[in-house]
Amino acid sequence: MDESPYQLYADLLTENDRPDLAQFECGTDKWAEASTEWIQGSDVWESIKKKGTYVWLFRNDQGVLVGFGSLGFTRRKWPPPDGQHGNLQIIPMLGLDFHFQGKPPDRQWRYSHQLISHVRYEAMKSLAQHVLSGRNTLPLLMLYVHQENAAAIKLYQTFGFTAEPAARTNDHILMLQKLDLPS
Amino acid sequence: MLEIIEADETSLADRRRAVSTIRDALQLHESRASFSVSLNPLEFGAAHRNRSIDYLANEQDSLEARFAVKLKELMKAKAISQSQLASRVGCSQPAISQMLNRQCRPQRSTIMNLAAALDVEPTELWPNLDVADILDTVAAVQEDSEMTQAEAEAIRRALDKPAANIPARPLPSHKK
């Protein structure tokens, strides 16, 4: 892929990033506010500490914070109800600062696309590591999205996620996709 | 924009957006500024010159931070100790301490119980309860739990499909 001024850079979240998060703002919809609150409040640190979630901050070439992504695990018995506990990869939360939403016009470099592409790659890499180490991990990537967040549902579908409206938790529906190992 | 911020009927969400717009116009977003000096002194000065901008400077705090401040204020005003509040709410004193110190976010049910114990509206503690609901859901789906029938069927369908043939690309590090 050619170089572009819209190239994003990904680094794992650290305590040193806290000051940059203070002015991060995903928007005014309730799910956008929740996304802002998740990364600014204690939820993100709880998820890292208790569930081993990976959280990346995405910056542009000037170092400005554009968005964040996360990847973690949850455990379920598979096959239910009496199967062994297996790992399922889950994206707990994603967020893009509202200044950068829908940008840039060139879809190849659309910030939201770069962000999801990176998290999908990391999920594939993580799956490969689990397969090599013999861990019981289903080759899936899942997330829950607010049922009214049509833009996000459409975006996730673009990246191969299928919406499963019957599988819901409160106002959120399950979206998931089968993963390949990274090429 | 200042009228929007100061209007009583303006929602918290709209207020935050107006705040951010003004901050951008005034180049108070330090992370987006191209200056080599810190903008904090400028922001501090501006905040003291204009009550609304003073509001802006505080408005960027998370809901969790504002909840902690409000809870502390209410406990002080009503002369309730952490232990007394914990007893009224049915949680532990350390849990109250953690919330006051922003080490954990209150769940919606806890916000409701705290509001009842302090005899205030829940939204006085946490202005947007929808946001609390969403955060509770995000935390819940990551917990290890029994799979629902619908979840199991969705997973079976996904496993029966081929993997999506959509390239995934890792991004470089900014630190290198």
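Residue indices follow the written sequence of each chain, beginning from 1 at its first position. The naming scheme follows written order: chains are lettered A onward, ligands numbered 1 onward. Per-residue local features of the predicted model are confined to residues with pLDDT of at least 70, and side-chain atom pairs are confined, for both listing and counting, to 80 or more; whole-chain, interface and lining totals are unaffected and use all residues. The side-chain numbers reported here are obtained from all heavy atoms of the structure, hydrogens and water having been left aside.

Because the α-helix completes a turn every 3.6 residues, residues three or four places apart line up on one side. Residue and element names in this part refer to chain B. Burial status follows relative accessibility: with a 1.4 Å probe on protein chains alone, a residue under 20% of its type maximum counts as buried, one over 50% as exposed, and anything between as partly exposed. Numbering of helices and strands starts at the N terminus; helices are DSSP runs of H or I of at least 4 residues and strands are runs of E of at least 2. Turning to helix α8 (residues 108-118), its buried residues number three or more, namely T110, I111, L114, A115, A117 and L118. Here the buried residues of α8 occupy an arc of 165 degrees about the axis, which is enough to place them on one side. It only takes one pair of heavy atoms within 4.5 Å for two residues to be counted as in contact. Check the buried side of α8 and you find it contacts α5 (63-77), α6 (82-89), α7 (93-100), α9 (122-125) and α10 (129-142). Immediately beyond the C-terminal end of α8, within one or two residues, lies D119, with a positive phi of roughly 60 degrees. What the arc describes is the spread of directions from the helix axis to the C-beta atoms.

Sheet faces and side chains relate simply in a regular strand, where the side chains alternate between the two faces. Residue and element names in this part refer to chain A. Most of strand β3 (residues 65-78) is tucked away, with 12 of its 14 residues classed as buried. A pair of strands is considered paired only if DSSP assigns at least 2 bridges between the two. Examined bridge by bridge, strand β2 (residues 54-59) and β3 share six bridges and lie antiparallel to one another. Note that in β3 the partner of V55 across the bridge is S70. Hairpin connection of β2 to β3: five residues between the antiparallel strands, including G63 at a positive phi of 85 degrees. In this structure, β3 lies alongside strand β5 (residues 95-96), joined through two bridges in antiparallel fashion.

As a further point, take the interface of chain B and chain A. In this assembly, 60 residues from chain B lie in contact with 79 residues from chain A. For the pairing of chain B and chain A, the buried interface totals around 6000 Å² over both sides, and the portion due to carbon and sulfur atoms is 55%. For this analysis, a salt bridge means a side-chain nitrogen from Lys or Arg found within 4 Å of a carboxyl oxygen belonging to Asp or Glu. Where chain B touches chain A, the interface holds four salt bridges. Taking the shortest distance from any N to any O, the salt bridge between R157 of chain B and E164 of chain A comes out at 2.6 Å. Pairing of N or O atoms within 3.5 Å defines a polar contact, subject to two protein rules: one partner must be a possible hydrogen donor and the other a possible acceptor, and residues neighboring in sequence count only if both atoms are side-chain atoms. Between the two partners, chain B and chain A, sit 34 residue pairs in polar contact (both at pLDDT 80 or more). When residues are sorted by character, Ala, Val, Leu, Ile, Met, Phe, Trp, Tyr, Cys and Pro go into the nonpolar class, Asp, Glu, Lys and Arg into the charged class, and all the rest, Gly among them, into the polar class. Broken down by class, the residue content of the side of chain B that touches chain A amounts to 27 nonpolar, 12 polar and 21 charged. Summed over both partners, the accessible area (1.4 Å probe) lost when two parts come together is defined as the buried area.

The next thing to look at is the state of the cysteines. A covalent bond bridging the sulfur atoms of two cysteines is what the word disulfide describes. All names here are of chain B. Cysteine sulfurs are considered disulfide-paired once they come within 2.5 Å of each other. Throughout the structure, instances matching the rule amount to zero disulfides over all chains. Between C104, a free cysteine, and C91, which holds the nearest cysteine sulfur, the sulfur-to-sulfur gap is 9.0 Å. Accessibility expressed as a relative area gives 17% for C104, which makes it buried.

Turning next to the environment of L13 of chain A. Residue and element names in this part refer to chain A. Mapped onto the elements of the fold, L13 is located in the loop between β1 (9-12) and α1 (18-21). Distance in space between the C-alpha atoms of L13 and L155 is 24 Å, their sequence separation being 142 residues. Here L13 is in contact with L21, I39, V44, W45, I48, V55, W56 and L57, once residues within four sequence places are set aside.

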